[in-house]
Each structure stands twice: as C-alpha cells, then as structure tokens.
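# Structural description and commentary
Read off the chains here:
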Amino acid sequence: MTALLDRFFAADAAALERLAVAARRVMTRCEELARISAADSGIERVYLSPEHARANRLIAEWMREVGMTTWQDAAGNQVGRLEARARSAAAPVEPNAAALLLGSHLDTVPDAGRYDGIVGVLMAIETVRLLRVAVGRSWASPFPFALEVIAFSDEEGTRFGTALLGSAAVAGAWRPEWWALTDAAGTTLHQAFLEFGLDPARVGEAARRPEELIGYLEAHIEQGPELDQRGEALAVVSSIASARRFQFVMEGEARHAGGTPYASRHDALLGASEAALAVERICMDEHHVIGTVGRFEAFPGAVNVIPGEVRFSLDLRGEFDDQRDDVWDRIAEELGAISWRRGLRWQAREVHRAAAVACAPLLQDVVRAGILSTLPGGADDPAVIFSRAGHDGMAMAAVTGVGMLFLRNADGISHHPDELVLGEDVGRGIRALAEAVLTLGAELGPTLARIRP
Ligand code: HGY
Ligand code: MN
Ligand code: MN
C-alpha cells in the first residue's frame with residue numbers, strides 16, 4: 001500500500017528528500033540544546049531555571065520557523081500551534097479546532113544525555129514542517145484539527161522530586177501542596193514560580209479541557225536495550241510503567257567507630273544497605289517490576305563514626321499498579337524485619353505516584369502504520385514495547401488518549417552522557433510520526449472524535 005505520506009507528497013518529489021535534512025537538523029539542534037546547561041561539564045536543565053527559560057526561547061524560535069504561533073503556558077511549558085485548515089472557503093483557518101498534541105520534554109536529569117525528551121520535541125516540530133499546508137501567507141494544519149507541539153518543562157522531577165509537574169498542570173491535576181516542595185537550596189516551588197516570572201495563582205490556566213484535545217503523541221528514545229537487541233529502529237509503545245517514589249530515613253545510633261563493640265551497634269548504613277539489596281532481590285523475581293535506590297546519604301558522614309542516620313530514595317515502577325503495590329508491601333515488610341534485627345527505626349515519605357497508562361489503541365494502530373511505512377512492503381509488524389521509563393503521557397492520559405513511538409538508542413543507555421541515537425533512526429522516526437498523523441487524520445476524518453484514554 002502506498003504510504004499516505006508518499007501520496008501527500010505525490011506532487012513534491014523533493015519533500016521526502018527533506019526528511020534526511022530534517023533528521024540532520026534535529027541532530028544538530030540536540031547538540032545546540034545540550035549546550036544550554038547549568039553544569040560546566042555535562043547537561044543539566046531543571047524546571048524553572050535560567051536554562052529552562054533559554055531552552056524555551058530557542059524552541060519557540062524553531063516553532064515559529066515552521067509557522068506556529070507560540071506561547072509559554074502558565075506552568076512554564078513551551079507550546080506552538082498551527083491552526084486547522086478551514087472547512088469553508090469563508091475563512092482560511094478554523095481558529096478553535098481541537099488539537100492533536102505532539103511533543104515531549106526539555107528538562108533533564110543531572111549529567112544527562114542529549115536526546116531524552118529533547119529529540120521528541122524536535123521531531124514533533126519537523127513533523128509539523130512536513131505536514132503543514134500554505135494558506136494565503138501563513139501555514140495551517142492540513143487536517144480538521146490543529147497541530148500543537150508542546151515542550152513539557154518538568155518530566156524528570158529533578159529539582160523538586162515530584163515528576164511530571166508541567167504535564168500535570170496541562171492535565172488540570174496540579175496539587176496545592178506542591179507549592180511547599182523545596183529544591184536542594186531550600187527554594188520552594190512557589191518561590192521558583194515567582195522568580196521564573198510565573199504567577200502561582202494562575203497555574204490553572206495551563207489546564208487543557210478534554211474537548212480541546214484530539215490526543216497526545218510522543219516520540220521518545222526507548223531507554224532500554226530491546227530495539228538495539230532486535231536490530232530494529234522503531235517500536236510501538238503498549239503502556240507506560242506506573243511509578244512510586246519514596247524518601248526514606250533509617251535511624252540507628254552514631255557511635256565511636258573504634259570503641260563500640262559490634263554487639264551493641266545500631267548501624268544505620270548497614271541497615272539501609274540491606275534494604276537496598278532487598279529491593280533488588282524482591283524486584284528481580286517479579287515480572288516487570290523495577291526498584292532502584294538512586295540516592296543514598298549517610299550521616300554524620302565521618303570516617304570514624306558509625307552512621308546514625310541514612311537518607312535514601314526508592315524509585316519503584318511496574319507494568320501494573322497492583323503488582324507494583326504488592327511489591328511495595330513486601331519491601332516495607334522487609335524493612336521492618338531489618339530494622340527489628342538491627343535495632344533501627346525507619347520511616348518513608350512518598351513523594352511521587354503516577355498510575356500505569358495503557359496507550360490508546362487507535363494511537364497504537366496509527367503508530368504501527370507509521371512504522372510500517374518506513375519498512376519494505378510485507379514486513380512483519382513492528383515491536384510493541386512496555387515502557388519501563390516514565391513519560392509525560394502518564395499525566396496526559398487524564399485528559400486525552402496517549403500514543404508513543406520509541407526510537408532505538410544504543411544499548412538502551414540513558415540518563416547518561418553516552419546516550420546515543422542514530423540520525424538515520426531519527427529520519428525514520430520523523431517519517432513514521434508524519435505517517436501516523438496522516439493515518440490519524442484519515443481515520444478520524446470529519447468525525448473528529450477525540451481519542452479516549
Ligand atoms: O524516570 C524516568 O523513567 C523518566 O526518564 N523520567
Ligand atoms: Mn528521563
Ligand atoms: Mn524522557
């Protein structure tokens with residue numbers, strides 16, 4: 001079957017050439033964005049920072065370059081919009097049409113790779129460039145729905161510990177208790193809003209109503225080894241893992257490292273270490289549940305003092321919420337046993353929770369059609385992967401259907417400077433994304449029913 005994109009460009013043979021140019025532009029721009037970092041060496045760009053503001057300004061420029069109108073929403077997300085082509089000759093565009101949202105996130109973890117989130121935002125802009133149609137002296141979406149690109153501002157949760165703040169605002173799920181969240185310097189989220197030039201009282205204005213949206217479609221690197229091992233470039237995402245994040249305090253007794261007999265020690269570090277190993281043991285024998293202790297600090301931290309306190313984190317994910325919660329119960333039980341045995345006390349504070357999200361069947365179908373358009377005729381169906389990484393779609397699923405396209409990234413290395421994606425795969429990904437949007441346009445046609453989560 002001739003791909004819709006080939007038919008869309010039938011009269012413009014050079015257009016598909018532009019795919020290779022688009023991929024090169026994405027790769028170059030990933031490098032440019034990588035230079036917007038708070039760190040002297042490595043990439044770090046966190047929510048409501050000067051680097052966030054600079055990245056938003058640059059992305060807005062690139063959005064306007066393809067004819068989009070742009071704005072920064074009330075939660076600091078950068079948005080671009082191409083209006084729908086009007087159905088009547090009376091007016092060139094339909095200004096209030098519902099929008100298909102494309103995009104990803106611009107914020108990073110500390111010492112990040114250059115593609116996590118960023119490549120999805122840039123691929124979305126290139127997809128709009130490919131599909132836009134000239135209307136008078138401006139550009140429009142060729143569909144009865146608008147095309148928007150959103151660059152979410154806090155998918156990682158690096159600064160305040162609670163992830164998905166930008167997309168939660170768009171989903172109308174902002175929580176008042178978040179204003180008191182503090183960063184490592186003790187700045188509250190409320191204060192950071194003000195310093196960034198945002199008005200906390202107006203964060204609700206970032207919320208989008210379900211009827212305003214057709215769906216949310218995100219391209220993202222896999223952040224896992226499956227595509228690399230399969231030797232394939234692209235995959236459909238079936239669902240996004242649920243998440244729960246905790247901060248623990250394990251308390252024992254700080255004592256002299258030499259004079260305190262082992263029998264009377266209550267060593268918080270050894271207890272917390274047993275807990276971290278228990279997380280690995282319990283999760284490893286569970287299917288699709290993943291637990292990681294990423295932060296681990298011993299106090300007072302002197303070489304000749306038995307640690308009296310350890311603060312550590314737990315990032316717990318699962319393909320299904322109830323399975324993840326069962327594992328949490330087992331971990332909590334194990335922590336109780338360790339503490340009893342070692343005469344320690346522990347407490348946990350949950351700082352983030354997001355339910356697992358199944359990608360909307362229609363969006364999975366159009367992503368599959370998109371990927372097939374990049375493969376030789378008669379190719380097998382592309383891989384369908386459960387995302388162990390979290391994404392903004394977990395928040396967006398509250399208001400619209402979510403779809404994701406995964407790109408191969410070498411050995412799945414991510415959240416690390418060695419994160420890699422091939423320019424050719426980005427080209428294939430842009431083509432697949434454009435084909436998916438065209439397929440969606442054809443599927444929805446005049447009904448324009450929004451896609452239910
Ligand atoms: O943590 C995650 O899975 C995502 O990269 N924020
Ligand atoms: Mn990430
Ligand atoms: Mn990401």
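About the criteria used
- Residues numbered from 1 in each chain as written.
- Chains lettered and ligands numbered in written order.
- Predicted model: local features only at pLDDT ≥ 70, side-chain atom pairs only at ≥ 80, totals over all residues.
- Heavy atoms only, no water.
- Helix = DSSP H or I, 4+ residues; strand = E, 2+ residues; numbered from the N terminus.
- Rg over C-alpha atoms; globule rule 2.2 N^0.38 Å.
- Buried < 20%, exposed > 50% of the residue type's maximum accessible area, 1.4 Å probe, protein only.
- Areas by Shrake-Rupley, 256 points an atom, 1.4 Å probe, with all protein chains shown as cover.
- Domains from an automatic or database assignment.
- Contact = heavy atoms within 4.5 Å.
- Buried area = accessible area lost by both parts, 1.4 Å probe.
- Salt bridge = Lys/Arg side-chain N within 4 Å of Asp/Glu carboxyl O.
- Donors = N, O, S within 2.8 Å, 3.2 Å for Na, K, Ca; no water.
- Expected span 1.5 Å × (residues − 1).
- Polar contact = N/O pair within 3.5 Å; in protein donor to acceptor, adjacent residues only side chain to side chain.

This part is about the overall build of the chain. Secondary structure summary: the chain contains twelve helices and 20 strands in total. Rg of the C-alpha trace for the chain: 24 Å, near the compact-globule value of 22 Å for 453 residues, within the 12% margin. With the C-alpha coordinates of the chain rotated into their principal frame, the extents come out at 85 × 50 × 40 Å. Residues counted as buried form 57% of the 453 residues belonging to the chain. On the chain, roughly 19100 Å² of surface is accessible, and the fraction owed to carbon and sulfur atoms is 52%.

Where interface size is quoted, it is often the accessible area lost as the parts come together. Taken domain by domain, the chain holds domain 1 (4–241 + 356–447) and domain 2 (242–354). Listed per partner, the contact involves 15 residues of domain 1 and twelve residues of domain 2. Of the roughly 1000 Å² buried between domain 1 and domain 2 on both sides combined, carbon and sulfur atoms contribute 50%. Where domain 1 meets domain 2, there are zero salt bridges.

Turning next to the coordination of the manganese ion (ligand 2). The coordination sphere of the manganese ion (ligand 2) contains the protein donors D116 (OD), E156 (OE) and H415 (NE2), at a distance range of 2.1 Å. Binding-site remark: the manganese ion (ligand 2) is held by donors from one chain whose sequence spacing is D-x39-E-x258-H. Metal-to-metal, the separation of the manganese ion (ligand 2) and the manganese ion (ligand 3) is 3.4 Å; D116 coordinates the two. Note that D116 is positioned in the loop between β5 (99–105) and α4 (118–131) and E156 in the loop between β8 (146–152) and α5 (165–170), a separation of 40 residues in sequence. Taking relative accessible area as the criterion, D116 reaches 5% and is therefore assigned buried. Note on E156: relative accessible area 7%, which makes it buried.

Let's shift gears to the coordination of the manganese ion (ligand 3). Coordination of the manganese ion (ligand 3) by the protein involves H105 (NE2), D116 (OD) and H220 (NE2), with metal-donor separations of 2.1 to 2.3 Å. Of note, the manganese ion (ligand 3) draws all its donor residues from one chain, in the sequence arrangement H-x10-D-x103-H.

In an α-helix, one full turn covers 3.6 residues, which means residues spaced three or four apart are oriented alike. With 16 residues, helix α3 (residues 50–65) should reach 22 Å at 1.5 Å per residue; the first-to-last C-alpha distance of 23 Å fits that figure. Along α3, the residues that are buried comprise E51, H52, A53, A55, N56, L58, I59, A60, W62 and M63. Where the residues of α3 are buried, they touch α2 (13–34), β1 (69–72), β2 (78–82), α4, β8 and α6 (189–196). Just past α3, the residue G67 takes up positive phi, approximately 95°.

Before going further, it helps to examine the side chain of T162. Within the fold, T162 resides in the loop between β8 and α5. Polar contacts involving the side chain of T162 include one to the main-chain carbonyl oxygen of V351, which spans 2.8 Å. Discounting residues that sit within four places of it in the chain, T162 has contacts with D154, G157, W178, L181, V351 and H352.

Let's shift gears to the environment of E94. Residue placement: E94 occurs in strand β4 (residues 93–94). E94 gets classed as partly exposed once you look at its relative accessible area, which sits at 28%. Remark: the alpha-carbon pair of E94 and I221, spanning 127 residues in sequence, is separated by 34 Å. Contacts of E94, omitting those with residues within four sequence positions, involve E83, A84, R85 and A86.

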